[in-house]
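# Observations on chain architecture
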There are 2 protein chains.
Amino acid sequence: MMDFTEKLNAATEKNESLLCIGLDPDPELMPDRIGILDFNRAIIDATRDLVCAYKLNFAFYEAFGSDGFDALRFTADYIRDEIPVIGDAKRADIGNTAKAYARAIFSSLGFDAATVNPYLGFDAIEPFIEYRDKGVFILCRTSNPGSADFQSLNCNANNETAPLFELVADKASQWNEYGNIGLVVGATCPEELKAIRSKHSDMLLLIPGVGAQGGDIKKAVSSGVDANGKKAIINSSRQIIYASRGKDFDSAARKAASRLRDQINRYRK
Amino acid sequence: MMDFTEKLNAATEKNESLLCIGLDPDPELMPDRIGILDFNRAIIDATRDLVCAYKLNFAFYEAFGSDGFDALRFTADYIRDEIPVIGDAKRADIGNTAKAYARAIFSSLGFDAATVNPYLGFDAIEPFIEYRDKGVFILCRTSNPGSADFQSLNCNANNETAPLFELVADKASQWNEYGNIGLVVGATCPEELKAIRSKHSDMLLLIPGVGAQGGDIKKAVSSGVDANGKKAIINSSRQIIYASRGKDFDSAARKAASRLRDQINRYRK
C-alpha cells in the first residue's frame with residue numbers, strides 16, 4: 001500500500017492539481033433532504049479527477065454525534081484508494097492520550113494524514129509521527145483572525161528572537177526524521193507563508209483560507225509552493241462544496257473545483 | 001438548571017472535595033469482559049459522594065469509534081444531575097468550526113465544561129465562552145514533559161517579557177467577562193502553578209498530573225488553591241479507576257478516591 005507522500009504525489013501528478021477539497025458538511029448550507037454520506041459521495045464522484053487530496057474537518061462530523069463518526073469513517077473508506085484523506089482534527093494531548101488519538105484517526109478511521117496542535121510540545125505529536133506511513137501537519141500560522149494573539153508573539157530561543165510560529169516551524173523541521181511532517185500555514189497571511197517557505201524550502205505546506213476566508217489565491221500559491229511549483233496543498237471548502245444548493249450541487253462543485261485547480265496551476269510556475 | 005459554577009460549588013461543599021476523577025477507559029487496564037459504560041457506571045456509583053467533578057478525556061472514547069461516542073454521551077447523562085462533567089477534548093479551530101465543536105460538546109453531548117487549546121487565539125475559544133452557563137478551561141501549562149517546548153518560551157508582549165503560559169493566563173483573564181473561564185495547569189510544575197495562582201487569585205484552576213504522572217500532591221494543592229482553600233480542581237485518573245483490575249475494582253476505586261480526597265483536604269488549609 002502507498003504511504004501518504006506517495007499517494008499525494010501520485011494524485012498531484014495524475015490530476016495535475018494542488019487542490020484539496022474540504023468536506024465540511026453543514027446542514028444549513030447543504031441541499032435539503034440529503035444525508036452527509038450521500039452529499040460527500042456526490043461531491044467526491046464529481047471531483048476526484050481534479051484534486052490532490054480531500055480534507056475532513058472533524059468538528060462538522062462530531063456535531064452529528066455518533067452518526068457523524070460513522071460518516072467520517074465511511075467517507076474516508078470511499079475516497080482512499082487513490083486520493084489521500086487528511087483528518088483535520090487539530091488534536092494534541094499528553095503522550096499517553098495522544099497515542100489514543102493517533103490510533104483513532106489512523107487505525108480506526110483509516111485516514112492518511114492528520115493535523116495536530118503544537119502547544120503541548122513534542123510528546124503530544126510524537127505518537128502521530130511514529131506512524132511513518134502517515135502525514136502529520138503541525139499548525140504553524142493559522143488562517144483565523146485570532147492567530148496573531150499568540151502565534152505572532154516574539155519569543156526568545158537559542159539567542160535569537162522570532163515569532164512563535166517560526167519557532168514552531170523550526171522545531172517541526174528538527175522533528176522531521178521520517179519526512180512525514182508538514183505545516184499548516186493560512187493563505188490569509190502571505191508574508192508569514194513566504195517567510196516559512198524561504199526558511200524551509202522542502203517542507204510540505206497545507207494552506208487553508210482561500211475562498212470564503214478571503215486569502216488571495218495568487219499570493220498563496222506563489223508564496224507557498226517550492227522551487228518546483230510543488231510541496232503545497234491548497235485547501236478550499238465552502239467555495240466549492242456549496243457552489244450551489246440546488247439539484248446541481250455536484251456539477252456546480254465540479255465547475256468551481258475545476259476553475260480553482262486551473263487558477264492554482266497558473267500561479268505555480 | 002444550575003450552571004457549571006453553581007454545580008461545582010454545590011458538589012465541592014456537599015462532598016467536601018476538590019477531587020475530580022478522570023474516566024479514561026483503557027481496555028488494557030480495565031477488568032476483563034466489561035463494557036465502557038458498565039465500567040464507568042460502577043466507578044461513578046462507587047465515588048459520586050467523594051468528588052467535585054468528573055472529567056472524560058475524549059481520546060479514550062474516540063479510540064472505540066462510534067460506540068465510544070455513544071459512551072461519552074451516556075456517561076455524561078448518567079452523571080450530570082448532581083456533579084459537573086468536564087469534557088477534556090482540548091479543542092480549538094477557526095471561529096466557524098469552533099462553533100461546531102462547542103455545539104457538539106455542550107449541546108449534543110451535554111457536558112458542563114470543556115478544555116480548549118489557546119494556540120489559535122481568541123476566535124477559536126469565543127464560541128465556547130459564549131455558552132455562559134458552561135465552564136471553559138484553557139490549557140495554560142500542561143503536565144507533560146513536552147510542555148516546556150513552547151509554553152515556557154520567553155515572549156515579548158506589552159513591553160514586558162514573560163513565559164508564553166503566563167501570557168496565555170493574562171489573556172484568559174482579560175477574556176473572562178462572564179466568569180466562566182478557568183485554566184489548566186499541571187501538578188507536575190508546582191512553581192508555575194504558584195506563579196499563576198499568585199497573579200490570578202480568583203481564577204479557577206484545573207490541575208491534572210498527580211498520581212501516575214508524578215505530581216506532588218501537597219505542593220499541587222497548596223500552590224493551587226486560592227486564599228480560601230478553593231478554586232482548584234485536582235484531577236486523578238489512573239491511580240483511582242485502575243486501583244484494582246479484579247472484581248473489586250469499584251470498591252478499590254472508592255478506597256483510592258477517599259484516601260486522595262482526604263489527603264487533598266489536609267493540604268487545603
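This is a predicted model, so every value here is computed, not measured.

## Considering the overall build of chain A
- Helix and strand counts for chain A stand at 12 helices and 10 strands.
- What you see for chain A is a C-alpha radius of gyration of 18 Å, in line with the 18 Å of a compact globule of 269 residues.
- Seen along its three principal axes, the alpha-carbon backbone of chain A occupies a region of about 60 × 40 × 35 Å.
- Of the contacts formed within chain A by residues at least 6 apart in sequence, a portion of 71% connects residues at least 24 apart.

## A closer look at the interface of chain A and chain B
- Taken together, the contact between chain A and chain B spans 48 residues of the former and 48 residues of the latter.
- Mapped onto the side of chain A that touches chain B, the elements with two or more residues apiece are α3 (58–62), α4 (66–79), α5 (95–108), α6 (122–129), α7 (148–151), β6 (154–157) and α8 (164–175) of chain A.
- For the side of chain A that touches chain B, the leading source of residues is α5(A), giving 7 residues.
- Tallied by class, the residues present in the side of chain A that touches chain B amount to 24 nonpolar, 16 polar and 8 charged.
- As paired elements, β6(A) and strand β6 (residues 154–157) of chain B share 3 bridges and run antiparallel to each other. When the bridges of β6(B) are listed, A:Asn156 appears paired with B:Asn154.

## Let's talk about the relation of the copies chain A and chain B
- Turning chain A through 180° and shifting it by 0.0 Å along the axis lays it on chain B, with an RMSD of 0.0 Å. On this basis, the relationship between the two copies can be described by a two-fold rotation axis. When C-alpha positions in chain A are compared against the rotation axis, the closest is assigned to A:Cys155, at 2.0 Å.
- Interface residue correspondence from chain A to chain B reaches 100%, placing this contact among same-surface, isologous pairings.

## Details of the environment of B:Tyr54
Residue and element names in this part refer to chain B.
- Tracing the backbone shows tyrosine 54 in strand β2 (residues 53–57).
- Tyrosine 54 sits 72 residues away from glutamate 126 along the chain, and the two C-alpha atoms are 24 Å apart.
- If sequence neighbours within four positions are ignored, tyrosine 54 has contacts with Cys20, Ile21, Leu23, Ile79, Ile83 and Val85.

## Here's the deal with the sheet that holds strand β10 (residues 232–236) of chain A
All names here are of chain A.
- The 8 strands are arranged β1-β2-β3-β4-β5-β8-β9-β10 in a closed barrel whose pairing can be described as parallel. Here the average twist between neighbouring strands, direction ignored, is 30°.
- Where strand β1 (residues 19–22) lies against strand β2 (residues 53–57), 3 bridges are found, and the strand directions are parallel. Directly across from glycine 22, in β2, lies its bridge partner lysine 55.
- Each of β9 (204–207) and β10 is contacted by helix α10 (residues 217–224), which is oriented at about 155° to β10, the strand it contacts most.

## Describing the sheet that holds strand β7 (residues 160–163) of chain A
- A sheet is described by the order of its strands in space; here 4 strands give the open sequence β7(A)-β6(A)-β6(B)-β7(B), paired in antiparallel fashion. Only two strands of the sheet have a single neighbouring strand rather than two, namely β7 of chain A together with β7 (160–163) of chain B. Taken over all neighbouring pairs, the strand axes of this sheet differ in orientation by 35° on average, direction set aside.
- Docked against the sheet, α8(A) engages β6 and β7 of chain A together with β6 of chain B, running at close to 100° with respect to β7(A).
- With respect to the sheet, helix α8 (residues 164–175) of chain B is in contact with β6 of chain A together with β6 and β7 of chain B, its orientation differing from that of β7(B) by roughly 100°.

## With respect to the packing of helix α9 (residues 190–199) of chain A against α10(A)
Residues and elements named next belong to chain A.
- As a packed pair, α9 and α10 sit with axes 8 Å apart at the nearest point and diverge in direction by 10°. Comparing their axes, α10 and α9 come out roughly parallel. Crossing angle aside, the handedness with which α9 passes α10 is right-handed. Here Pro190, Leu193, Lys194 and Arg197 of α9 lie close against α10, whose contacting residues are Lys219, Ala220, Ser223 and Gly224.

## Things to note about α8(A)
- Along its 12 residues, α8(A) runs 16 Å from first to last C-alpha, staying within 8% of the 16 Å computed at 1.5 Å per residue.
- Regarding α8(A), the residues found buried are A:Leu164, A:Phe165, A:Glu166, A:Leu167, A:Val168, A:Ala169 and A:Ala172.

## Observations regarding the nonpolar core
- Judged by nonpolar contacts, the single largest core of 194 residues is most densely connected at A:Ile138 and B:Ile138.
- Ignoring sequence-local partners within four residues, the contact set of B:Ile138 consists of B:Val116, B:Pro118, B:Ile125, B:Val168, B:Ala172, B:Ile181, B:Leu183 and B:Val184.

## Structural notes on the confidence of the model for chain A
- Residues with a pLDDT of 70 or more make up 100% of chain A, whose mean pLDDT is 95.
- For this predicted complex, the interface confidence reaches an ipTM of 0.96, while the overall pTM sits at 0.97.

## Focus: the pairing of β1(A)
- By the alternation rule, side chains of β1(A) split into A:Leu19 and A:Ile21 and A:Cys20 and A:Gly22, which are all buried.
- Regarding the hand of the β-α-β motif, the stretch spanning β1(A), helix α2 (residues 36–47) of chain A and β2(A) is right-handed.

## Section: the packing of α10(A) against helix α12 (residues 249–268) of chain A
Residues and elements named next belong to chain A.
- Direction vectors running N to C along α10 and α12 enclose 50°, while the axes themselves pass 8 Å from each other. Viewed along their axes, α10 and α12 adopt a mutual orientation that is oblique. In this structure, the crossing between α10 and α12 has a hand that is right-handed. Packed against α10, whose contacting residues are Ile217, Lys218, Val221 and Ser222, the element α12 presents Gln263, Ile264, Tyr267 and Arg268 at the interface.
- Broken down by class, the residue content of the contact of α10 with α12 amounts to 4 nonpolar, 2 polar and 2 charged.

## Focus: the pairing of strand β1 (residues 19–22) of chain B
- With 3 bridges connecting them, β1(B) and strand β10 (residues 232–236) of chain B associate as parallel partners. Each residue of the ladder has a partner; that of B:Cys20, found in β10(B), is B:Asn235.

## Quick word on the environment of A:Leu50
- Within the element layout of this structure, A:Leu50 appears in the loop between α2 and β2.
- Distance from A:Leu50 to A:Asn96, taken between C-alpha atoms, is 39 Å for residues 46 residues apart in sequence.

## A closer look at unusual backbone geometry
Residue and element names in this part refer to chain A.
- Residues other than glycine seldom take positive phi values, yet arginine 33 does so here, at roughly 55°.
- Counting through the fold element by element, arginine 33 comes out in the loop between β1 and α2.
- Residue class for arginine 33 comes out exposed when judged on the 6 C-beta atoms lying within 10 Å of it.
- Here asparagine 158, not a glycine, exhibits a phi torsion of approximately 50°, which is positive.
- By secondary structure assignment, the location of asparagine 158 is in the loop between β6 and β7.
- Residue classification places asparagine 158 among the exposed residues on the basis of 8 C-beta atoms within 10 Å.

The rules we used
- Residues numbered from 1 in each chain as written.
- Chains lettered and ligands numbered in written order.
- Predicted model: local features only at pLDDT ≥ 70, side-chain atom pairs only at ≥ 80, totals over all residues.
- Helix = DSSP H or I, 4+ residues; strand = E, 2+ residues; numbered from the N terminus.
- Rg over C-alpha atoms; globule rule 2.2 N^0.38 Å.
- Contact = placed C-beta atoms within 7 Å.
- Nonpolar A, V, L, I, M, F, W, Y, C, P; charged D, E, K, R; others polar.
- Pairing = 2+ DSSP bridges.
- Least-squares fit on C-alpha atoms with pLDDT ≥ 70 in both.
- Axes fitted to C-alpha atoms, helices over the stretch in contact; angles between N-to-C directions.
- Parallel < 35°, antiparallel > 145°, perpendicular 65-115°, else oblique.
- Left-handed = near helix turned anticlockwise from the far one by under 90°.
- Expected span 1.5 Å × (residues − 1).
- Buried ≥ 20, exposed ≤ 12 C-beta atoms within 10 Å, placed from the backbone.
- Core = buried A, V, L, I, M, F, W, Y, C linked by C-beta atoms within 7 Å.
- pLDDT = per-residue confidence, 0-100.
- Right-handed = clockwise from strand over helix to strand, strands pointing away.

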